2 protein chains.
Amino acid sequence: MTEKKLILGLALHDGSGALNNAWRAPQVNPENYANFEANIRYAQAAERGKFAFLFIPDFPAVRGDIEHGGVRNIIDPMIALTAISQATSRIGFVATGSTSFQEPFNHARQFKALDVLSHGRAGWNAVTTSDPAVAANYGKPVAERSERYQRAHESIQIVQALWGSWQKEAWIKNQASGQYIDSSKLQPVNLQGKYVASRGPLAIPPSEQGQPVIFSSGGPSPHLLALAGRYASGFIGEVWTIEDGRAQRAMVRRAAEEAGRDPDDIKFFAGIMPTVAPSVREGLDRRISILGDTLKAQVPQLANMLGVQIDRRRLDEPLTTEQLSGAYPSRDPRSGIALDVARQGWTVRDILAHGVIDYHPTVVGPAALHADHIQEWFEAEAADGFWLSPDIFEDGVDAFVDEVVPVLQQRGIYPSDYIGTTLRENLGVAEQYGLDPRVVGTED
Amino acid sequence: MTEKKLILGLALHDGSGALNNAWRAPQVNPENYANFEANIRYAQAAERGKFAFLFIPDFPAVRGDIEHGGVRNIIDPMIALTAISQATSRIGFVATGSTSFQEPFNHARQFKALDVLSHGRAGWNAVTTSDPAVAANYGKPVAERSERYQRAHESIQIVQALWGSWQKEAWIKNQASGQYIDSSKLQPVNLQGKYVASRGPLAIPPSEQGQPVIFSSGGPSPHLLALAGRYASGFIGEVWTIEDGRAQRAMVRRAAEEAGRDPDDIKFFAGIMPTVAPSVREGLDRRISILGDTLKAQVPQLANMLGVQIDRRRLDEPLTTEQLSGAYPSRDPRSGIALDVARQGWTVRDILAHGVIDYHPTVVGPAALHADHIQEWFEAEAADGFWLSPDIFEDGVDAFVDEVVPVLQQRGIYPSDYIGTTLRENLGVAEQYGLDPRVVGTED
Ligand SMILES: Cc1cc2nc3c(=O)[nH]c(=O)nc-3n(C[C@H](O)[C@H](O)[C@H](O)COP(=O)(O)O)c2cc1C
Ligand SMILES: Cc1cc2nc3c(=O)[nH]c(=O)nc-3n(C[C@H](O)[C@H](O)[C@H](O)COP(=O)(O)O)c2cc1C
């Protein structure tokens, strides 16, 4: 048995980068949003770095300050990943698709088609939609949580049953005898839920990994944990500290056990927003030049997080001893990190440039720092792997792949090549056809 | 002004061919159904022949004798066309998508994403679903016709409005000023129908052709004509004779005029099933060897069409003078063609090998015969172009492209190169953003 290795994924979105104002950076082509070639390039770089998957979050609505911030979403996850599949050969594809506004038969069909096309590299991040702006695009209000999750259970069960409805040995295709299908092995599923239903079968043969992998993403609510525990092989988490990561990973694993599954069959991914640079100073300067004015706008939030007054005009001074002794971390998990950074004596601008108010833990500086963060979390069992949101994709993916990945490999915690050709192999989860036999029948 | 040229399209489906038993032919790999490379090859051949578009019909259900006949459908139209788009640069993509079981926002998004990805080559064959086997995959019965068509009108209007919701000049993307979008030019559509609704906007910029083209397909019922007349730029017809073609084309054009549009903005495509061979005899032999037993099974239908008794054991004899004098064409438009062929003295097997009971007119033999058929129909204004269903794709597309296309070009009725880079340019229909301004407001 080889030792367990960590798994990396790359989040893709509008082609610019995870930082505010990324689209304005000089190395970014502001047309990238409509230019699929850009995401193809980043996918190829991630594949050079042996990343197991690309992850595409999806909130299909115009949200936030689009006038200045850009669209912050991908044009279409399935179309983008299908195009990328034609220019890559190993990296997997995890697209978000909402169970709230799509027919299970359509999800089943498109994800399995991508799975067959890509020779077993597809995954479905099955979410429910809680954003009213997205729901309005379907002319509907947001359903209450228990209805959304009931529909999600029904949808995933139907989708997995459809995926299994073309059995492994169904496809005879004997030209001499004239038998194409053994029709006893391609049978309807006849599933009737409260919200969705399908007869099937779905006439798509198994892929090299059997069928696509299910992912879940979100905060660890009981509803989401129950869903993830039953069906998911990957969990896209949002955690700020090692303690947080350990706790959420344990919850997700417990949920799998409660559904009768092996907890090793669900991998927990923590987020990380890397800025790779020769030194911390150069990394902070890179971020400051990208973020521009949006940095200053975060001062009140920082003050709030630390429970101190901060003068916006004194951006280039560290917090005073007085400010520091009055500061205390709020319940926001990021405030402890912010306080640590502040105590190191950085100016207010630099504290913010450390990404303390970003969506995920940020690492800024040389490759070894990134490797340290990742190794520490991984060895503390706070994550089975990480999903990365680089500051700027155009050079940020290359920097991570060419500088951080070799360090992780030297340290023996990251594979030097793909383990296999399918997403399941590279995640370390078993082949699957249809519903997980351990889960079937435990329906509420 | 150059003279009007005819337009060709190629129908794609399971990767084998239009003939029964095509999957068993020795030159066909019986795994083609799951092998996207096969359809990519055919698409590239069609592009060499300057075809304006690929057309993918869609009946997503297990239908007919799948045990022996194969699946006869494509795994997924959008996934297949997206993959093909990455290996081609001029040919257009017309995918069928049912308005009955898809949210308009999803259709709007995926088709426009493909349109942007392919630099203006996408089209949507917007159909309603009347097949109970397909409806059952969505857990629903087939709605009655007026409801289906009402939902189709609402869906197409919402989709086109969403397509136009990102206006031509909306995308500022000025890195220096920091303005990404002129948000006065990216506005919600707020359409509320009886069956479907959407707020929008859809955050996808115009493609090189503005937005995808709408196609219609089907028999010329008043419901379908009203739909096609308002929205469609292409009409996929099913016609057997020149008279039929002239009549249906005229109906489709009249429907466009009644909706306030220029009748030249809707192109009528007749079907054709070509077998290209050095001689008619060799073409018939090719078809006989592919069709095998399925030919004999058609004898009762032929007898019925001609109103005569035909002995199945006398397959290799022509009809007798007695049989011929007793035969009369039924109301089936194919029976006139069958009678003509029978009177030429062909054996029963050869009559059937002429494809007289197939879905579209069949031409069998050398290139000049195909060119004659096409030219005659085209010059009689029975069609603006043709959609082809070759007997076997593997060698049938190449044969048509390499042998028939040059003859059509020599005769001056077919372009020697693509007219433009977008589907609209190659169809000869205008750019469009949003709803056709002549049609808006005429809503029932
Ligand atoms: C890291 C992370 C990623 C997420 N990705 C998506 C996404 O791509 N699309 C989406 O609709 N929701 C996404 N969510 C939202 C969750 O699926 C969920 O809807 C949200 O946490 C609200 O919780 P509830 O559904 O339990 O009410 C994400 C959440 C987190 C924390
Ligand atoms: C040439 C041709 C192609 C068609 N292609 C499709 C198709 O791909 N998918 C589909 O659901 N229906 C297709 N149809 C069916 C029509 O859209 C329509 O549903 C059918 O003619 C029944 O008529 P109705 O809808 O007016 O009841 C096609 C029909 C014809 C004649």
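Only a predicted model underlies this, so the values are computations on that prediction, with no experimental measurement involved.

Remarks on the overall build of chain A
At step 1: In terms of helices and strands, chain A carries 17 helices and 13 strands.
At step 2: Against the globule reference of 22 Å for 444 residues, chain A gives a C-alpha radius of gyration of 23 Å, in line with a compact fold.
At step 3: On the principal axes, the C-alpha backbone points of chain A span a range of 85 × 45 × 45 Å.
At step 4: The proportion of buried residues among the 444 residues of chain A is 63%.
At step 5: Counted over contacts in chain A with a minimum sequence separation of 6, partners at least 24 positions apart contribute 77%.
At step 6: Entry remark: accessible area of chain A is about 16,600 Å², with carbon and sulfur atoms responsible for 48%.
At step 7: Computed over 42 positive and 54 negative side-chain charges, the separation of the two mean positions in chain A equals 3 Å.

Focus on the interface of chain A and chain B
At step 1: On the chain B side, the residues contacting the 68 residues of chain A number 68 residues.
At step 2: For the chain A and chain B pair, buried surface summed over both sides reaches about 5,900 Å², with 57% attributable to carbon and sulfur atoms.
At step 3: Per-residue buried area on chain A facing chain B is highest for R109(A), Q175(A) and Y180(A); these three make up 13% of the total on that side.
At step 4: Salt-bridge contacts for D76(B) lead to R109(A); the nearest nitrogen and oxygen are separated by 3.7 Å.
At step 5: The interface formed by chain A and chain B includes 43 residue pairs in polar contact (both at pLDDT 80 or more).

As for the packing of aromatic side chains
At step 1: Per the counting criterion, the structure on display carries 34 aromatic pairs over all chains.
At step 2: The interplanar angle of 10° and the centroid separation of 4.7 Å between the aromatic rings of F101(A) and Y138(A) together place this pair among those described as stacked. Of the two residues, F101(A) is situated in the loop between β3 (92-98) and α4 (104-117) and Y138(A) in the loop between α5 (132-137) and α6 (145-164); the sequence distance between them amounts to 37 residues. You'll find F101(A) and Y138(A) in the same group, each marked buried.
At step 3: The interplanar angle of 90° and the centroid separation of 5.6 Å between the aromatic rings of W166(A) and W171(A) together place this pair among those described as edge-to-face. Residues W166(A) and W171(A) agree in their burial class; the two are buried.
At step 4: Put simply, the rings of W23(A), Y33(A), W166(B), W171(B) and Y180(B) pair up and form one aromatic cluster.

Thoughts on the relation of the copies chain A and chain B
At step 1: For these two chains of identical sequence, chain A goes onto chain B by a turn of 180° and a shift of 0.0 Å along the axis, with RMSD 0.0 Å. Taken together, the rotation and translation describe the operation of a two-fold axis.
At step 2: When you check the interface residues of chain A against chain B, 100% turn up at the interface there too, and the contact is symmetric in its surfaces.

Notes on the UniProt feature "binding site: FMN" (unreviewed entry) in chain A
At step 1: UniProt marks D58(A), T96(A), Y149(A) and S221(A) with the feature "binding site: FMN" (unreviewed entry), using the numbering shown here.
At step 2: In this structure D58(A) comes out as buried when scored by relative accessible area, which is 15%.
At step 3: Excluding its chain neighbours within four sequence positions, the residues that come into contact with D58(A) are N73(A), P77(A), T96(A) and R109(B).
At step 4: At 3.1 Å, the side chain of D58(A) and the side chain of N73(A) are in polar contact.
At step 5: Take Y149(A): it is sitting in helix α6.

Focus on the site of ligand 2
Residue and element names in this part refer to chain B.
At step 1: As a structural note, the neighbourhood of ligand 2 is formed by 18 residues, with P57, D58, R145, R148 and Y149 the closest of them.
At step 2: At 2.8 Å, a side-chain N or O of R148 approaches an oxygen atom of ligand 2.
At step 3: In the complex, 84% of the free accessible area of ligand 2, which totals 610 Å², lies under the protein chains.
At step 4: At three residues, the largest contribution of residues to the shell around ligand 2 is made by helix α6 (residues 145-164).
At step 5: Residues belonging to the shell around ligand 2 are distributed by class as follows: six nonpolar, eight polar and four charged.

Remarks on the UniProt feature "domain: Luciferase-like" (unreviewed entry) in chain A
At step 1: The UniProt record marks residues 33-291 of chain A with the feature "domain: Luciferase-like" (unreviewed entry), using the residue numbering of this structure.
At step 2: The span residues 33-291 of chain A shows a helical share of 41% and a strand share of 18%, and its end C-alpha atoms are spaced 19 Å apart.

Regarding the nonpolar core
At step 1: F51(A) and F51(B) are the most contacted members of the largest nonpolar core, which totals 212 residues.
At step 2: Ignoring sequence-local partners within four residues, the contact set of F51(B) consists of L8(B), G9(B), L10(B), A46(B), I91(B), L388(B), F400(B), V401(B), V405(B), Y414(B) and Y418(B).

Side note on helix α3 (residues 77-85) of chain A
Since one α-helical turn is 3.6 residues long, residues separated by three or four positions face the same way.
At step 1: Taken across its nine residues, α3(A) has nine buried, putting it largely inside the fold.
At step 2: Within α3(A), the full set of buried residues consists of P77(A), M78(A), I79(A), A80(A), L81(A), T82(A), A83(A), I84(A) and S85(A).
At step 3: Those residues of α3(A) that are buried lie in contact with α1 (36-48), β2 (53-56), β3 and α4 of chain A together with α3 (77-85) and α4 (104-117) of chain B.
At step 4: The opening residue of α3(A) is D76(A), an N-cap whose side-chain oxygen sits 3.2 Å from the backbone nitrogen of M78(A).

Here's the deal with the site of ligand 1
Residues and elements named next belong to chain A.
At step 1: P57, D58, R145, R148 and Y149 are the nearest of the 18 residues found near ligand 1.
At step 2: Side-chain polar atom of R148 to an oxygen atom of ligand 1: 2.8 Å apart, as the coordinates give it.
At step 3: Backbone polar atom of S217 to an oxygen atom of ligand 1: 3.2 Å apart, as the coordinates give it.
At step 4: Contact with the protein chains removes 83% of the 620 Å² of surface that ligand 1 exposes when unbound.
At step 5: Ranked by the residues each element gives to the shell around ligand 1, the list is headed by α6, at three residues.
At step 6: For the shell around ligand 1, the class distribution of residues is six nonpolar, eight polar and four charged.

Regarding unusual backbone geometry
All names here are of chain A.
At step 1: With an omega of 0°, the peptide bond running from G200 to P201 counts as cis.
At step 2: Structurally, P201 can be placed in the loop between β8 (197-198) and β9 (213-217).
At step 3: Of note in the backbone geometry, K173 takes a positive phi value of approximately 40° without being a glycine.
At step 4: Its place among the elements puts K173 in strand β5 (residues 171-174).

Quick look at the domain arrangement of chain A
At step 1: Its domain assignment divides chain A into domain 1 (7-276 + 361-427) and domain 2 (299-353).
At step 2: Centre-to-centre, using C-alpha coordinates, domain 1 of chain A lies 35 Å away from domain 2 of chain A.

A look at the side chain of E154(A)
At step 1: With respect to the element layout, E154(A) can be found in helix α6.
At step 2: Although buried, E154(A) forms no salt bridge, and the nearest oppositely charged side chain, R151(A), lies 7.0 Å from it.

Rules used in this analysis
Residues numbered from 1 in each chain as written. Chains lettered and ligands numbered in written order. Predicted model: local features only at pLDDT ≥ 70, side-chain atom pairs only at ≥ 80, totals over all residues. Heavy atoms only, no water. Helix = DSSP H or I, 4+ residues; strand = E, 2+ residues; numbered from the N terminus. Rg over C-alpha atoms; globule rule 2.2 N^0.38 Å. Buried < 20%, exposed > 50% of the residue type's maximum accessible area, 1.4 Å probe, protein only. Contact = heavy atoms within 4.5 Å. Areas by Shrake-Rupley, 256 points an atom, 1.4 Å probe, with all protein chains shown as cover. Lys, Arg positive; Asp, Glu negative; His and termini not counted. Charge placed at Lys NZ, Arg CZ, Asp CG, Glu CD. Buried area = accessible area lost by both parts, 1.4 Å probe. Salt bridge = Lys/Arg side-chain N within 4 Å of Asp/Glu carboxyl O. Polar contact = N/O pair within 3.5 Å; in protein donor to acceptor, adjacent residues only side chain to side chain. Phe/Tyr/Trp six-rings, centres within 6.5 Å; stacked < 30°, edge-to-face > 60°. Least-squares fit on C-alpha atoms with pLDDT ≥ 70 in both. UniProt positions renumbered as here; feature names shortened; annotations may be inferred. Near = heavy atom within 4 Å. Nonpolar A, V, L, I, M, F, W, Y, C, P; charged D, E, K, R; others polar. Core = buried A, V, L, I, M, F, W, Y, C linked by side-chain atoms within 4.5 Å. Domains from an automatic or database assignment.

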